[in-house]
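Breakdown of the fold
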Amino acid sequence: MKAGVIIFPGSNCDRDAITALKDITGQDPVQIWHKTTEWPKGLDFVVVPGGFSYGDYLRCGAMAGNSPIIPELKAFANSGGHILGICNGFQILTETGLLPGALLRNAGLNFVCRNERLIVSPNSSAFTSEYQSGSEIIVPVAHHDGNFFADDATLDMLEGDGRVAFRYADNPNGSARDIAGILSENRRVLGMMPHPERAIGGHEGGSDGRAMFTGVMNALATA
Amino acid sequence: MTDTTDLSAKIVTAMQTVQNQSDAAEHGINTEEWDRLITRLGRHPNLVELGIYSVMWSEHCSYKSSRRHLSKFPTKNEFVIQGPGENAGVIDIGDGQAAIFKMESHNHPSYIEPYQGAATGVGGILRDVFTMGARPIALVNALRFGEPDHPKTRSLVAGVVHGIGGYGNCVGVPTVAGETQFDAGYNGNILVNAMAVGLADQDKIFYARGATPGNPIFYVGSKTGRDGIHGATMASAEFSEGDEEKRPTVQVGDPFTEKLLIEACLELMETDAIQAIQDMGAAGLTSSSVEMADSGGENGEGIGVEMDLDKVPQREEGMTAYEIMLSESQERMLMVLKPGKEAVAKAIFDKWDLDAEVIGMTTDTGRLVLKQHGEVVCDIPVAPLADDAPNYDRPWNEPPKRAPFDLSKYAEPADFADVLLKLMSCPDMASKRWVWEQYDRHVMGDTVDSSTSGGDAAIVRIHGTNKALAICSDCNPHYVAADPFEGGKGVVAEAYRNLSAVGAKPIAITDNLNFGNPEKPNTMGYIVKAIEGMAAACGELNFPVVSGNVSLYNETDGVAIPPTPVVGGVGLIEDVTKVATLKGAQAGDKLVLLSETQPHLGASLYAREWLGLKGEELGPPPSAMLDTEIDNGEFIRKLISQGVVNAVHDVSDGGIACAAAEMALAGGVGVSFCGTEPGEGSELTQLFGERPASYLIAVNDDQWVKWDSKGFLPTVLGKFEGDSITLKTGVSPNIVDHTITLEALRDAHEGWMPRYMAGA
């Protein structure tokens, strides 16, 4: 699997994603600077990392959603590439329209950083292929604007089409229907607020996030 | 349209206006200092020059009241690469790497404008660390607020915590540890002390010193605005009611720009372009240029600096030289480049969309020369600003000794469980989850243990290795107030103990000395004796001071804060798989005390919170036992490295009762235990008395038999089991159980802060 990580000014989980990918795939992912308009050749999987792109001084992810790299990212998605947007990356994916909905300020108004229990929803994506449907995993969250919002029709559609990837067991931010992560229609783009790249073992975040990366890797290997 | 020629001429004229003694007095320069100034200069200064003298000679920049006492600190051991005097301290952590760290206060700004004051405190301490070539890997903060019932406390807590989180979370450095305490003594003057720890390669450490003449001076980062002018002078004066109106002197932070500045500086540091570098902190462009000039030259003989202020990137038009030189706009750096490296540097800063300009040259004149609109607006020798700043031997009084604490004056509580409940839910001891859940503790992916476990020190892995740093911050101001010498020793000893408790070898400390007005001999006495106590402990424990900050004049309306010398400790863990925290206790484990010191209720949590005593009546603190501290520290580190413990916690506030309760809460398992001598003497003192050099350990039977305890007297006090905490007093058949369920204790311990912040 050839992986890449997009870096915006203000991204700060880019190194976490690079570390996780290197640890799990054994290869250095390609670092893609946001001003690039030349997409690296042969990529299978791209992480849009967390952080505060452009300081998030405008609506979270709004500036990054209009960065020079975004048309290339959309083309990659349209060509069937796998994309994982984590935290700010999820916010950016909703801003680009690759995923529906929006992330509002947490219902409790405060930034929240803690390990959360997530329930794996029934779905058929590479990202969740190595988790048992309905099982519980622990993945850390760290965000101020993680309150997932969409209109009822969109929420019904996401649920009806099996596009909810994860739900919170103890909703930390007021997200609609406890949604922690959602998939694109082709199941190849996942956006989620929790940080699987901070749950790869050897630290406070636990190791439940590893299977997300190995799931994609193994799915791509057998594809 | 503005006639810019006319405006320029007006500015230059104003800048060149000769100043007299009454102008100097308005700048906080006293008669003695004025005489010193005009003698050294040989004439009266103009406005720009006076402004520069006033900030450089302020307490904040010159340490004029504390300098001669700070020299008592041991500053070297076999690990120290750079001690005090640079932007931050540097220690050798092996494998060609170094840890670079410092703690600094932002007390006054945080009281006036808590969000921005705390945020820029974080930004400033981060710059001190990455200026030296280190990637920041951890943030710690030590916060002290007024009593919870004070009308301002709640909003100050909210503002400071949001400010620290807002900055640290955005910049992407984990906030891994800290302390939050409350006391009426901080009602008018809160303390916000922030510490940053960074990681660098030893062959890529950058210093403020070493610039040579004839090289370009390079300004990078944010534009200069009118914010924060005279912040250093503000931090060197007492407060009075209504000083919130000083808000315009508080700077505004921009963590996004800081993040870009970190990346750009570290990228430039990979090239061979920088000769010397200094961040623009307090007193901005003035102190950064003066400090680089003063420590410049191949042998540190000092050099000169000539700058054209028209080239300084400015946020608004019409700024005067005075404003440009004194501005404390954030997220700025000054560097001296090696010849011909301007283009390399410029390209990197362009990539990160940051301003970067050559604004002057280093010279061999030893003078600071500034030009604006083509005219010289400042021409003064550098040496008197820095090396030759005032250095006072302030008169001081020996702090009074307190009478011994007499427990017999007070009725013994009937149920010790009630005491435990009250102590564990009092503002100082209650869980600070409300605070630390607002900090990103996990970004960078190397946080092995943070505030989450309530442990003694955070553990942060050294990226890509199997090693880790342990980091803690400590101060018991009640001990220091009771006896500054013993209390000062105790502060350093507690840091040593907290690092040892997670299995780290204590290496060095940074300090943040927060006191009142040094011009008052009684306050100065506490400053002197606390420093001497700390210095004694640093020496005996081989635990030197490598960086630090002094914050004086923490007074409001003539009332000083409790003496609060905070210590940030850093230790090294060679194998991150061999650590201990307080959360690993399992059902069936023994509870073991390693102590060999006597319990003590003077100046204790019990005396303060249960008996409600204050000041003199609290009595003296326990004396530090440094020899025992070393022996027990080494023994505990050996046990941890051998893997023969499940959990370790140091004994501090609230004695073994509170320490055991914290282990039980963290481990989710009950515990029942007695004092060290059941049925003998005061069991209250045995259980709630505070003792130096002591640890509680959870250990299972298999581990216990492997202990080689020769020369030590570990004492089994009880057992982890069930879902209650039981303190046992008396001997069979008259044993009394004092019991509280874990759930009830947890509700009280976790509940206080959220309820308080909700105004409930």
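In short, a report on the structure. Treat the numbers as computed from the prediction; the structure is a model and nothing was measured. (Residues numbered from 1 in each chain as written. Chains lettered and ligands numbered in written order. Predicted model: local features only at pLDDT ≥ 70, side-chain atom pairs only at ≥ 80, totals over all residues. Heavy atoms only, no water.)

1. Some details on the overall build of chain B
- When you go through chain B residue by residue, the secondary structure sums to 25 helices and 28 strands.
- A compact globule built from 760 residues should have a C-alpha radius of gyration of about 27 Å, and chain B, at 27 Å, falls within 12% of that.
- Oriented by its inertia axes, the alpha-carbon framework of chain B measures out at about 95 × 50 × 45 Å.
- Here chain B holds 760 residues, and the buried ones make up 65% of them.
- In chain B, the proportion of contacts linking residues at least 24 apart, taken out of those at least 6 apart, comes to 84%.
- Counting every atom, chain B has about 25,000 Å² of accessible surface; 49% of that belongs to carbon and sulfur.
- Averaging the locations of the 60 positively and 106 negatively charged side chains of chain B gives two centres separated by 2 Å. (Helix = DSSP H or I, 4+ residues; strand = E, 2+ residues; numbered from the N terminus. Rg over C-alpha atoms; globule rule 2.2 N^0.38 Å. Buried < 20%, exposed > 50% of the residue type's maximum accessible area, 1.4 Å probe, protein only. Contact = heavy atoms within 4.5 Å. Areas by Shrake-Rupley, 256 points an atom, 1.4 Å probe, with all protein chains shown as cover. Lys, Arg positive; Asp, Glu negative; His and termini not counted. Charge placed at Lys NZ, Arg CZ, Asp CG, Glu CD.)

2. Details of the packing of aromatic side chains
- A complete count under the given rule lists 20 aromatic pairs over all chains for this structure.
- Residues Trp 39 of chain A and Phe 76 of chain A carry aromatic rings whose centres are separated by 5.2 Å and whose planes lie at 40° to one another, so their mutual orientation is tilted. Linking Trp 39 of chain A in the loop between β2 (30-33) and β3 (45-48) with Phe 76 of chain A in helix α2 (residues 70-78), this pair joins segments that are 37 residues apart in sequence. A single burial state applies to Trp 39 of chain A and to Phe 76 of chain A, both of which are buried.
- Ring geometry for Phe 218 of chain B against Phe 349 of chain B: centres 6.1 Å apart, planes inclined by 65°, an arrangement best described as edge-to-face. (Phe/Tyr/Trp six-rings, centres within 6.5 Å; stacked < 30°, edge-to-face > 60°.)

3. Let's talk about the interface of chain B and chain A
- Chain B puts 33 residues into the contact, and the matching count from chain A is 26 residues.
- Buried area between chain B and chain A, summed over both chains or domains, comes out near 2,400 Å², and the portion from carbon and sulfur atoms is 51%.
- When the buried surface of chain B facing chain A is broken down by residue, Phe 256, Glu 437 and His 442 of chain B rank first, second and third, together holding 25% of it.
- Applying the counting rule to chain B against chain A returns 4 salt bridges.
- Residue Glu 437 of chain B is joined to Arg 114 of chain A by a salt bridge in which the shortest nitrogen-to-oxygen separation is 2.9 Å. (Buried area = accessible area lost by both parts, 1.4 Å probe. Salt bridge = Lys/Arg side-chain N within 4 Å of Asp/Glu carboxyl O.)

4. A word on the sheet that holds strand β27 (residues 724-729) of chain B
All names here are of chain B.
- The strand order across the open sheet built from 7 strands is β23-β25-β22-β26-β24-β27-β28, with neighbouring strands paired in mixed fashion. Either end of the sheet is taken by a strand with one partner, and the two such strands are β23 (647-650) and β28 (736-741). Across the sheet, the axes of successive neighbouring strands diverge by a mean angle of 20°, strand direction being ignored.
- By the bridge criterion, 4 bridges tie strand β24 (residues 671-674) to β27 in an arrangement that is parallel. Its bridge partner being in β27, Cys 674 is matched across the sheet by Lys 728.
- Contacts between helix α15 (residues 416-424) and the sheet are confined to β27 and β28, with β28 contributing the most and set at about 35° to the helix. (Pairing = 2+ DSSP bridges. Axes fitted to C-alpha atoms, helices over the stretch in contact; angles between N-to-C directions.)

5. A closer look at the sheet that holds strand β16 (residues 468-474) of chain B
All names here are of chain B.
- Strand order in the open sheet formed by 6 strands is β14-β15-β16-β21-β17-β18, with mixed pairing between adjacent strands. Pairing within the sheet leaves two strands with one partner each, and these edge strands are β14 (447-449) and β18 (545-551). The mean angle between the axes of side-by-side strands here comes to 20°, regardless of whether they run parallel or antiparallel.
- With 7 bridges connecting them, β16 and strand β21 (residues 564-573) associate as antiparallel partners. By the bridge assignment for β21, Ser 473 is matched with Gly 568.

Any link to function would need more than the numbers given here.
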